[in-house]
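Observations on chain architecture
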Amino acid sequence: MPKMRIVDARGSYCPGPLMELIANMKMAQVGDELEVLSTDRGSATDIPEWIRKVRHEHLGTEEKEGVWHILVRKTR
Amino acid sequence: MKVLIVGGGMGGTILGNNLARRLGPELRAGKVSITMLSASDRHMYQPGLLYLAVGRMMPDELYRDQRSLLDPSIEFHVDPVEEFQLDQKQVRTAGGRTFSYDIIVIATGSRPVAHEIPGLAENALQFYTEADALKMFKALQGFKGGNVVIAVDVPHKCPMAPLEITFMLHDYFNDRGLRDKVKLHYTYPIGRVHTLENVAKWAAPEMDRLGITYETFFNMKEVDGAGRIIRSEEGTEAAYDLLITIPSHRGMEVIEKNGLGENGWIPTHRHRLNMEGRDDVFVLGDTTNLPISKAGSTAHFEAEALGENIAAMVKIGAAVRDYDGKVFCFIEAGGERATYAMFDYRNPPDPKPPTRTVHWFKVAYNKLYWSTARGLL
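Rules behind the numbers
- Residues numbered from 1 in each chain as written.
- Chains lettered and ligands numbered in written order.
- Predicted model: local features only at pLDDT ≥ 70, side-chain atom pairs only at ≥ 80, totals over all residues.
- Heavy atoms only, no water.
- Helix = DSSP H or I, 4+ residues; strand = E, 2+ residues; numbered from the N terminus.
- Rg over C-alpha atoms; globule rule 2.2 N^0.38 Å.
- Buried < 20%, exposed > 50% of the residue type's maximum accessible area, 1.4 Å probe, protein only.
- Contact = heavy atoms within 4.5 Å.
- Areas by Shrake-Rupley, 256 points an atom, 1.4 Å probe, with all protein chains shown as cover.
- Phe/Tyr/Trp six-rings, centres within 6.5 Å; stacked < 30°, edge-to-face > 60°.
- Pairing = 2+ DSSP bridges.
- Axes fitted to C-alpha atoms, helices over the stretch in contact; angles between N-to-C directions.
- Left-handed = near helix turned anticlockwise from the far one by under 90°.
- Domains from an automatic or database assignment.
- Buried area = accessible area lost by both parts, 1.4 Å probe.
- Salt bridge = Lys/Arg side-chain N within 4 Å of Asp/Glu carboxyl O.
- Polar contact = N/O pair within 3.5 Å; in protein donor to acceptor, adjacent residues only side chain to side chain.
- Nonpolar A, V, L, I, M, F, W, Y, C, P; charged D, E, K, R; others polar.

**Things to note about the overall build of chain B**
Helix and strand content of chain B: 11 helices and 21 strands. For chain B, the C-alpha radius of gyration of 21 Å lies close to 21 Å, the compact-globule estimate for 377 residues. With 377 residues in all, chain B has 57% of them scored as buried. For chain B, long-range pairs separated by at least 24 residues make up 63% of all intrachain contacts whose partners lie at least 6 apart in sequence. For chain B, the accessible surface area stands at approximately 14,900 Å², while carbon and sulfur atoms represent 50% of it.

Next up, the structure:
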């Protein structure tokens, strides 16, 4: 049964939202969705870029009150 | 009130001494007790392992007797916890004893897990234990030249370690007159050479200047030891003669076995440092699942905030401050220069150009650390 994981990386400069996502991706199962919460505007571009490189799926990005919500799915 | 600290590393030790100082009258009156359970009677200064790996420190400089670092009012036992019975407010130890508590602080740290990448543990050098750091040093001593690849996995302890070991290797081979025979190749998991943008902006041109090549978006997938090739999840590969890794880490097995947190990281409130869902369980240092650096300074600043709060809970029945996410990391930049990064949840770091002064302060801090652990600095 696919799960939804929240990766709360608000205020994370180091290791940062993408590094947090990579670490959480290892714990996730194929099919799981992960929602990254980031206060770093750069996450909106660098997370989808990495997702493309490693061939997972970027489901969408939304900004709400200064927090970027980036939704991805683990595909392999 | 009984305070039980599980773990005798940097976080647990600083917290214990901080509490002993704040609660002196209550301890003497028998109203409060502080007990520490640890897996070892020795305390290791873990940042020293980086220096051990390049022959700049000796093993005996990394250790002190744990008891000698603790305030005498702290009851100390070398008897690691095997079972956390949080609903009963007690733990059971490897020695078969039961310790009850009113407040428990879990600060058991983390461990490298290089074996999770196929071929990595067998073929790469690392420096997260004394034995591994010495093995690296001996391999470096015997190295005559070729490709040295630095490969980084996440999550890892000490976020500056990838850059520091790279610049220190440049110095090491330079000092031996071998630098022109060594190709240093640095890889990193995300799209720049360090996760901190301002650090990356400084480090990339520094690597260019020193002739260190780099590849970003390189997440280790597997190591072919026979072919001496490391491959990435992104589909690229690098050939090596010497492979050096910053391996992925997990929290300690006892945390996983007791179901306290996935991969050994305990879900922790980012300001109050309590385990999510429990107000009598607190978590320090690497053991938390917080999105901040797994570094000694993190444990240090968390311990100071938590010490103030636990003391206030004893004295007035309420916590008085939030942990603000503060972290301070030295960054050894090679050439006897260093800089530092300081940041918290709200303020990004803005590292200054490296200087000799900061390097020598870091070298001094390698000795001063014992005063920090004792709660004096």
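**Quick notes on the packing of aromatic side chains**
All names here are of chain B. The tally for this structure, following the rule as stated, stands at 15 aromatic pairs over all chains. Aromatic pair Phe-143 and Phe-173: ring centres 5.9 Å apart, planes at 55 degrees, arrangement tilted. Placement of the pair is Phe-143 in the loop between helix H6 (130-142) and strand S11 (146-152) and Phe-173 in helix H7 (residues 161-175), with a sequence separation of 30 residues. What makes Phe-143 buried here is its relative accessible area of 9%.

**Remarks on the pairing of strand S3 (residues 57-64) of chain A**
Residue and element names in this part refer to chain A. Note: S3 against strand S4 (residues 67-73), 7 bridges, orientation antiparallel. Residue pairing in the sheet places His-58 in a bridge with Val-72 of S4. Linking two consecutive strands that pair antiparallel, namely S3 and S4, is a turn of 2 residues; a positive phi of about 50 degrees is found at Glu-65 within it.

**Observations regarding the packing of helix H1 (residues 17-27) of chain A against helix H2 (residues 43-53) of chain A**
All names here are of chain A. In contact at an axis separation of 10 Å, H1 and H2 are set at 35 degrees when each is read in the N-to-C sense. Of the two elements, H1 crosses H2, and the hand of that crossing is right-handed. Residues Pro-17, Leu-18, Leu-21, Ile-22 and Met-25 of H1 form the contact with H2, whose participating residues are Ser-43, Asp-46, Ile-47, Trp-50 and Ile-51.

**A few points about the domain arrangement of chain B**
All names here are of chain B. What the domain assignment reports for chain B is domain 1 (2-109 + 252-316) and domain 2 (112-249). Here the C-alpha centroids of domain 1 and domain 2 sit 31 Å apart. Contacts between domain 1 and domain 2 engage 18 residues on the former and 20 residues on the latter. Here domain 1 packs against domain 2, burying approximately 1,500 Å² in sum over the two surfaces, 69% of which is carbon and sulfur. Counting the surface domain 1 buries against domain 2, the share from its top three residues, Leu-50, Ala-53 and Val-54, is 36%. On inspection of domain 1 and its partner domain 2, the count reaches 2 salt bridges. Among the ionic pairs, Arg-56 bridges to Asp-175, the shortest N-O distance being 3.5 Å. Where domain 1 touches domain 2, the interface holds 4 residue pairs in polar contact (both at pLDDT 80 or more). Listing elements by their share of the side of domain 1 that touches domain 2, those giving two or more residues are strand S3 (42-44) and helix H3 (48-52). Considering only residue class, the side of domain 1 that touches domain 2 consists of 11 nonpolar, 3 polar and 4 charged.

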